[in-house]
Amino acid sequence: MYAVRYELIKECKQSGARLGRLHTPHGIIETPIFMPVGTQATVKSMTPEELKEIGSQIILSNTYHLYMRPGHELIKKAGGLHEFMQWDKPILTDSGGFQVFSLGPLRKITEEGVEFRSHLDGSRHTITPEKAVEIQTALGSDIMMAFDECAPYPADRDYVKKSLERTTRWLQRCKDAHKNTENQALFGIVQGGMYKDLREQSAREITAIDLPGYAIGGLSVGEPKDIMYDILGHTVQFLPEDKPRYLMGVGSPDDLLEGVIRGVDMFDCVLPTRIARNGTAMTSQGKVVVRNATYAEDFSPLDPECDCYTCRNYTKAYIRHLIKANEILGARLLTIHNLRFLLKLMENVRIAIHEDRLLDFKEEFFKKYYKK
Ligand SMILES: CCNc1nc2cc3[nH]c(NC)nc3cc2c(=O)[nH]1
Ligand SMILES: [Zn+2]
């Protein structure tokens with residue numbers, strides 16, 4: 001019996017999209033789903049109450065950052081991540097692989113794992129598949145991600161092939177090290193760069209290892225959108241229908257819709273929270289850079305069609321003032337709105353799949369948001 005079980009509710013008649021339910025130890029998640037990112041055990045500037053208020057069902061936290069600070073042993077002493085941050089719904093932790101690889105020249109990859117220097121104090125560390133599982137076990141997340149290598153883009157074919165084969169060996173080591181399969185699920189991650197045959201090879205190797213869910217990694221790493229969509233569509237066909245599919249690091253509205261249409265169930269992205277902090281909002285009329293002077297005396301709501309706390313109470317002029325004055329409330333109000341916007345988008349996507357009109361919904365959305 002796995003800690004996490006996927007229930008396929010309905011397949012869309014217009015596309016490869018699906019409605020599903022993900023049963024986890026901390027509750028049931030309706031998919032397709034967008035997961036707000038809480039890198040350091042907090043979705044920046046949001047309280048758990050506010051996250052629930054806007055409809056967050058599951059949040060993501062980052063193994064590398066929490067291992068570095070405050071340390072997974074401390075969080076274990078605190079009773080685990082749910083207790084530490086007072087979030088009683090599901091948590092997914094990534095394995096730190098992506099962060100460690102984005103440390104660039106400060107790291108060395110071997111069969112054993114990855115040696116790197118801390119971004120905080122330069123101290124030397126080695127993360128192995130076993131260590132990544134140990135850290136995530138201490139954090140107590142509902143879903144832990146395998147330790148993998150996200151191949152850089154671009155990367156030559158030989159490198160990508162060797163890398164994906166090592167990622168498969170690392171996944172087996174993660175599974176062997178994963179003891180409490182009743183309380184925590186381990187998801188495997190498919191690699192293979194932008195090479196369709198290598199994507200097939202990786203998907204077959206990774207799914208040959210029986211797990212409750214699988215992620216598509218190595219995308220949203222700077223490649224053109226049409227390549228991402230093409231590789232994604234190719235890769236999904238080698239993933240089992242009865243398991244959730246998680247596309248890592250994807251979250252702009254167009255990418256979410258294109259991903260759902262190709263059969264993806266789970267997404268995460270720092271975009272909505274990151275652009276909020278620098279004064280950009282995603283609205284039903286498209287992007288609004290609210291820090292622009294044009295909004296200085298605009299006393300209308302940020303998004304007339306939005307039901308969030310920010311749009312019910314404040315004007316663009318006020319939010320612009322807060323952002324210009326670098327007031328913390330500015331970042332908070334835009335974060336509330338941007339997260340609500342994406343969570344609401346996914347609610348509407350789930351309804352559209354239910355009514356077999358997802359492609360029509362996408363058409364309408366693109367006309368308003370992207371004016372095309
Ligand atoms: C769980 C850690 N492993 C892991 N994280 C990832 C995070 C990503 N984030 C983005 N774009 C923002 N692409 C990603 C790929 C991977 C990937 O291939 N692997
Ligand atoms: Zn709003």
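Counting restarts for each chain: residues are numbered from 1 in the order of the written sequence. Note on labels: chains are lettered from A, ligands numbered from 1, in written order. Local features in this predicted model are restricted to residues of pLDDT 70 or higher, and side-chain atom pairs are both shown and tallied only at a pLDDT of 80 or more, whereas totals for entire chains, interfaces and linings draw on every residue. The basis for every side-chain value is the complete set of non-hydrogen atoms in the structure, without hydrogens or water.

- Looking at an unreviewed UniProt entry, one finds the chain named Queuine tRNA-ribosyltransferase and attributed to Peptostreptococcus porci.
- UniProt positions are given in the numbering used here, feature names are shortened, and annotations may be inferred rather than shown by experiment. The annotation that UniProt attaches to the chain under Catalytic activity (unreviewed entry) is "7-aminomethyl-7-carbaguanine + guanosine(34) in tRNA = 7-aminomethyl-7-carbaguanosine(34) in tRNA + guanine".
- Recorded in UniProt for the chain, the comment headed Pathway (unreviewed entry) runs: "tRNA modification; tRNA-queuosine biosynthesis."

### Re the sheet that holds strand β7 (residues 107–109)
Here's step 1: A pair of strands counts as paired when DSSP detects no fewer than two bridges linking them. Secondary structure elements follow DSSP: runs of H or I no shorter than four residues count as helices, runs of E no shorter than two count as strands, and numbering proceeds from the N terminus. Pairing within the open sheet is antiparallel, and its three strands lie in the order β7-β8-β9. Two strands bound the open sheet, and with one partner strand each, they are β7 and β9 (124–127). Averaged over all pairs of adjacent strands, the angle between their axes in this sheet comes to 15 degrees, without regard to strand direction.
Here's step 2: In terms of strand pairing, strand β8 (residues 114–117) meets β9 through four bridges, oriented antiparallel. Bridging across to β9, valine 114 finds its partner in isoleucine 127. Geometry is summarised by axes, namely lines fitted to C-alpha atoms with helices restricted to the contacting stretch, and by angles between N-to-C directions that run from 0 to 180 degrees.

### Digging into the site of ligand 1
Here's step 1: For ligand 1, the set of nearby residues contains 15 residues, the closest of which are Asp148, Gln191, Gly218, Leu219 and Ser220.
Here's step 2: Polar contacts here mean pairs of N or O atoms no more than 3.5 Å apart (in protein, one a potential hydrogen donor and the other a potential acceptor; neighbouring residues in sequence count only if both atoms are side-chain atoms). Between ligand 1 and aspartate 148 there is a distance of 2.8 Å, counted from a nitrogen atom to a side-chain nitrogen or oxygen.
Here's step 3: Within the contact set of ligand 1, a nitrogen atom lies 2.8 Å away from a backbone nitrogen or oxygen of serine 220.
Here's step 4: Burial of ligand 1 by the protein amounts to 88% of the accessible area it has alone, namely 440 Å².
Here's step 5: In the shell around ligand 1, the residues fall into seven nonpolar, six polar and two charged. Residues are counted as near a molecule or strand when any one of their heavy atoms sits within 4 Å of it. What sets the accessible areas is the Shrake-Rupley method with a 1.4 Å probe; for residues, cover comes only from the shown protein chains. Think of it as three bins: nonpolar holds Ala, Val, Leu, Ile, Met, Phe, Trp, Tyr, Cys and Pro, charged holds Asp, Glu, Lys and Arg, and polar takes everything else, Gly as well.

### Points about the domain arrangement of the chain
Here's step 1: Each domain's extent was defined by an automatic or database domain assignment. Taken as a whole, the chain is organised into domain 1 (5–268) and domain 2 (276–370).
Here's step 2: At the interface, 35 residues of domain 1 touch 29 residues of domain 2.
Here's step 3: Once two parts are put together, the accessible area they lose, assessed with a 1.4 Å probe and summed over both, is termed the buried area. Surface buried jointly by domain 1 and domain 2 totals about 2,800 Å² across both partners, of which 71% is contributed by carbon and sulfur atoms.
Here's step 4: Of all residues in domain 1, the largest losses of buried area upon contact with domain 2 belong to Gln14, Ile54 and Leu257, amounting jointly to 25% of the total for that side.
Here's step 5: Basic side-chain nitrogens of Lys or Arg form a salt bridge, by our definition, when they fall within 4 Å of a carboxyl oxygen of Asp or Glu. At the boundary of domain 1 and domain 2, one finds four salt bridges.
Here's step 6: A salt bridge links aspartate 356 to lysine 10, with the nearest nitrogen and oxygen atoms 3.0 Å apart.
Here's step 7: The tally of links from domain 1 across to domain 2 stands at 11 residue pairs in polar contact (both at pLDDT 80 or more).
Here's step 8: Of all the secondary-structure elements, those providing two or more residues to the side of domain 1 that touches domain 2 are β1 (5–11), β2 (18–24), β3 (27–31), β4 (33–35), α1 (48–53) and α10 (253–261).
Here's step 9: With seven residues, the single largest contributor to the side of domain 1 that touches domain 2 is α10. Residues count as neighbours in contact if any of their non-hydrogen atoms are within 4.5 Å of one another.

### Details of the coordination of the zinc ion (ligand 2)
Here's step 1: In this description, a donor is an N, O or S atom within 2.8 Å of the metal centre, a cutoff extended to 3.2 Å for sodium, potassium and calcium. Water is not part of the atom list, which can make sites seem incomplete. Note on the zinc ion (ligand 2): its protein donors are Cys306 (SG), Cys308 (SG), Cys311 (SG) and His337 (ND1). The metal-donor distances range over 2.1 to 2.3 Å.
Here's step 2: One can describe the site at the zinc ion (ligand 2) as tetrahedral: its four donor atoms subtend angles covering 99 to 121 degrees at the metal.
Here's step 3: Coordination of the zinc ion (ligand 2) draws on donor residues from a single chain, spaced C-x1-C-x2-C-x25-H in sequence. Of this pair, cysteine 308 sits in the loop between β16 (286–289) and α12 (309–313) while histidine 337 is found in helix α14 (residues 328–354), placing the two residues 29 residues apart along the sequence.
Here's step 4: Residue burial is assigned from relative accessible area. The probe radius is 1.4 Å, only protein chains are included, and a residue is buried under 20% of its type maximum, exposed over 50%, and partly exposed in between. Judged by relative accessible area, which is 0%, histidine 337 ranks as buried. Square planar and octahedral assignments, for four and six donors respectively, both demand that opposite donors be over 155 degrees apart and that all other angles lie between 65 and 115; tetrahedral needs four donors with all angles between 85 and 135 degrees, and anything else is irregular.

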